[in-house]
Amino acid sequence: MVNAAQFKETALINPRKMASHIVGYPRMGPKRELKFALESFWDGKSSAEDLEKVATDLRSSIWKQMSEAGIKYIPSNTFSYYDQVLDTTAMLGAVPERYSWTGGEIGLSTYFSMARGNATVPAMEMTKWFDTNYHFIVPELGPSTKFSYASHKAVSEYKEAKALGIDTVPVLIGPVSYLLLSKPAKGVEKSFSLLSLLGSILPIYKEVVAELKAAGASWIQFDEPTLVKDLDAHELAAFSSAYAELESALSGLNVLIETYFADIPAESYKTLTSLSGVTAYGFDLIRGAKTLDLIRSSFPSGKYLFAGVVDGRNIWADDLAASLSTLQSLEAVAGKDKLVVSTSCSLMHTAVDLVNETKLDDEIKSWLAFAAQKVVEVNALAKALAGQKDEAYFAANAAALASRKSSPRVTNQEVQKAAAALKGSDHRRATNVSARLDAQQKKLNLPVLPTTTIGSFPQTVELRRVRREYKAKKISEEEYISAIKEEISKVVKIQEELDIDVLVHGEPERNDMVEYFGEQLSGFAFTANGWVQSYGSRCVKPPIIYGDVSRPHPMTVFWSKTAQSMTSRPMKGMLTGPVTILNWSFVRNDQPRFETCYQIALAIKKEVEDLEAAGIQVIQIDEAALREGLPLRKSEHAFYLDWAVHSFRITNCGVQDTTQIHTHMCYSNFNDIIHSIINMDADVITIENSRSDEKLLSVFREGVKYGAGIGPGVYDIHSPRIPSTEEIADRINKMLAVLETNILWVNPDCGLKTRKYTEVKPALTNMVSATKLIRTQL
Ligand code: GLN
Ligand code: ZN
């Protein structure tokens, strides 16, 4: 029996195509075309029409590419000028009052004001999208939020594709995930139940659905990724009631609920698979090994299973044979005509197109698949399932996989052995932190409330030019070294004049805190265009860790020694920690993450020991991204924190008591991981503190117990504003009210790389004056 919806589906959705689906696709373009178009528009250098033209071209090329590759279920409305959650906020007309929006269809100016702020009003808050490096704009909702259908983007994108002859699956962020990702607006009680707004937003979802149906859509995809988080019964019930409420509006459509990023808990799986009106479920089977068991043990009959077997979060070529066998086993569960091959999540979390990689050698390239290649993989799997296996394509894939497995570039027995030996045992410094700090103080002789900075100093246009020209071999090594030395000496002089106690060399030789190390470690590869959207127009280009990591030569010793030779004050050696290097890279998928992390830890350990031997007495090992790696599910936190913290300790367990180890973290919400932070056993930790003073510091009271040094940033470096002496003094006093005098350090929030000297000099001057003022009052 074929019901009406299914009939419509076979007739309308890209006929003769095999059952293949893509959850979402990168929007930036293969060469970051959208980024440049956006920035030029924001700068007033181009018009809205120019921007729209770039966007339209990108969308049509993406749709055509997927259609030509043979994809049957092609997503629309996954494009965005800034962020898909903000797009949903626009769709619902949930514009916070401060943007003085007067109703109607939301235009670019209101949209970008919410995203980026404007001359008079600050932007909405941004936060990490689950455990990815993508950041979304957090909706601000309350009992008085007025909702209206204010952005018809989903419908217009659907029609736009249709006009190109491509029938797409419009994608919406599901109503429950939308609310669960929101926060109560300013002034609204924290206890306000965001889910109580379901009744207010569902009517708008119904309007959108009705319009999509009228435009001819036969499928719709609701992304409900919060289903993989730890949800309580009340939250789960919201899913049931939301979709029950939408059921009649959705009738006649095939409805796909898409989940991703982790295993789905058994309770949530039960709720999901009993939602009314839903005909298809999408799962991340890369990060969902247990989900696979749930599916195998029970899958509702007559429903579609969208099996996310191609990894959307990495850059590795799929193991097609393995995926095919998983898919074949799922055919028995869902039925041959109900199984759809898909990606594990939106491909926006991977790089765009391998075609543009001209610097990578052919061997490494053969191991990789970016978004454009993943689309082809999905389709090849779907064809194979349908009995049209492209033998040559599968054979080439198997050969590439075999070459990766056996390549001497991947395996380094010595490193493997050393890393394996670390697992069972513990690594920590022999002496406790209070005794270490005493020993260090005897040598360093620092004043009370020592002042320092986080590492980088402003990176001028001139400095970037020097690095670029050296890389392009336009200037000689001698010229490069002398230019960097000059920069370091300038930075040292400034700090001495400011009378800062523990100096830094300013990191002028570094383009990026991970890339700088990756380029010198073996086992890393770098792309030319492997950009991934981080937020808005901002993209990052993560290194690729493809092999066992080792350190062929010292990486920072020359610069640190040079800098130390310029001053009699202590000069901090500056390293990036193993967990941060791991979390900001594309990591190999042929061994557990912790193995790779231990290998990096061993490499950094060597660097730490060389710095110490070169006479550097203070070494800072940044772990800016330690918290980012925290798994989505609470049940997995302990394991992650255990190996992450262990990796950090491995880097410095071998130094003498008199060597002072600092670490730095760019965030302040430590509440849930405070014990792990303490367990890192650093001598001094500097952290961001621009927002939540009291809460943060009360958490760090615990630090008193073990007595390590703490430097909560005394001013925000993310803003060009120059804090006054009084303001900083006030901050320090507030900290002293909570923390013991002898453990407090005074420093900015983070590195000064993105600031101008005209901001940095007066800000640091005021920081030092404030510190001196308070010292006289102690
Ligand atoms: N040492 C680095 C710097 O100052 C730290 C940057 C960071 O934490 N993101 O730039
Ligand atoms: Zn930082």
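Described below are features of the structure shown in this document. (Residues numbered from 1 in each chain as written. Chains lettered and ligands numbered in written order. Predicted model: local features only at pLDDT ≥ 70, side-chain atom pairs only at ≥ 80, totals over all residues. Heavy atoms only, no water.)

## A short note on the overall build of the protein
Here is step 1: Each helix and strand in the protein was counted, giving 28 helices and 20 strands.
Here is step 2: The globule rule puts the C-alpha radius of gyration for 778 residues at 28 Å, and the 27 Å found for the protein is close to it.
Here is step 3: Considering only C-alpha atoms, the protein reaches an extent of 85 × 60 × 50 Å along its principal axes.
Here is step 4: Expressed as a percentage of its 778 residues, the buried residues of the protein come to 61%.
Here is step 5: Considering only contacts within the protein whose residues lie at least 6 apart along the sequence, 80% involve residues at least 24 apart.
Here is step 6: Carbon together with sulfur atoms contributes 53% to the accessible area of the protein, which is approximately 30000 Å² in total.
Here is step 7: Across the protein, the centroid of the 86 positively charged side chains sits 1 Å from that of the 93 negatively charged ones. (Helix = DSSP H or I, 4+ residues; strand = E, 2+ residues; numbered from the N terminus. Rg over C-alpha atoms; globule rule 2.2 N^0.38 Å. Buried < 20%, exposed > 50% of the residue type's maximum accessible area, 1.4 Å probe, protein only. Contact = heavy atoms within 4.5 Å. Areas by Shrake-Rupley, 256 points an atom, 1.4 Å probe, with all protein chains shown as cover. Lys, Arg positive; Asp, Glu negative; His and termini not counted. Charge placed at Lys NZ, Arg CZ, Asp CG, Glu CD.)

## Considering the side chain of Asp683
Here is step 1: Along the chain, Asp683 falls in the loop between helix H25 (674-679) and strand S19 (684-687).
Here is step 2: Reaching out from Asp683, the side chain makes a polar contact with the side chain of Gln440 at a distance of 3.0 Å.
Here is step 3: Those residues in contact with Asp683 that sit more than four places away from it in its chain are Arg429, Val433, Arg436, Leu437, Gln440, Thr659, Gln660, Ile661, Ala708 and Gly709. (Polar contact = N/O pair within 3.5 Å; in protein donor to acceptor, adjacent residues only side chain to side chain.)

## Concerning the sheet that holds S19
Whether parallel or antiparallel, the strands of a sheet pair through hydrogen bonds between backbone atoms.
Here is step 1: Strand order in the open sheet formed by five strands is S16-S17-S18-S19-S20, with parallel pairing between adjacent strands. At either margin of the open sheet sits one strand with a lone partner, and together these are strand S16 (572-576) and strand S20 (709-712). Here the average twist between neighbouring strands, direction ignored, is 20 degrees.
Here is step 2: With five bridges joining them, S16 and strand S17 (residues 618-622) adopt parallel strand pairing. (Pairing = 2+ DSSP bridges. Axes fitted to C-alpha atoms, helices over the stretch in contact; angles between N-to-C directions.)

## Some words on the coordination of the zinc ion (ligand 2)
Here is step 1: Protein coordination at the zinc ion (ligand 2) comes from His664 (NE2), Cys666 (SG) and Cys750 (SG), with a distance range of 2.0 to 2.2 Å.
Here is step 2: Mapping the donors of the zinc ion (ligand 2) onto the primary sequence gives the spacing H-x1-C-x83-C.
Here is step 3: Judged by its relative accessible area of 3%, His664 falls in the buried class. (Donors = N, O, S within 2.8 Å, 3.2 Å for Na, K, Ca; no water.)

## Details of helix H14 (residues 371-385)
Here is step 1: For H14, which comprises 15 residues, the first-to-last C-alpha distance of 21 Å matches the rise-based estimate of 21 Å (1.5 Å per residue) to within 8%.
Here is step 2: With 13 of its 15 residues buried, H14 lies for the most part within the structure.
Here is step 3: Just past H14, the residue Gly387 takes up positive phi, approximately 85 degrees. (Expected span 1.5 Å × (residues − 1).)

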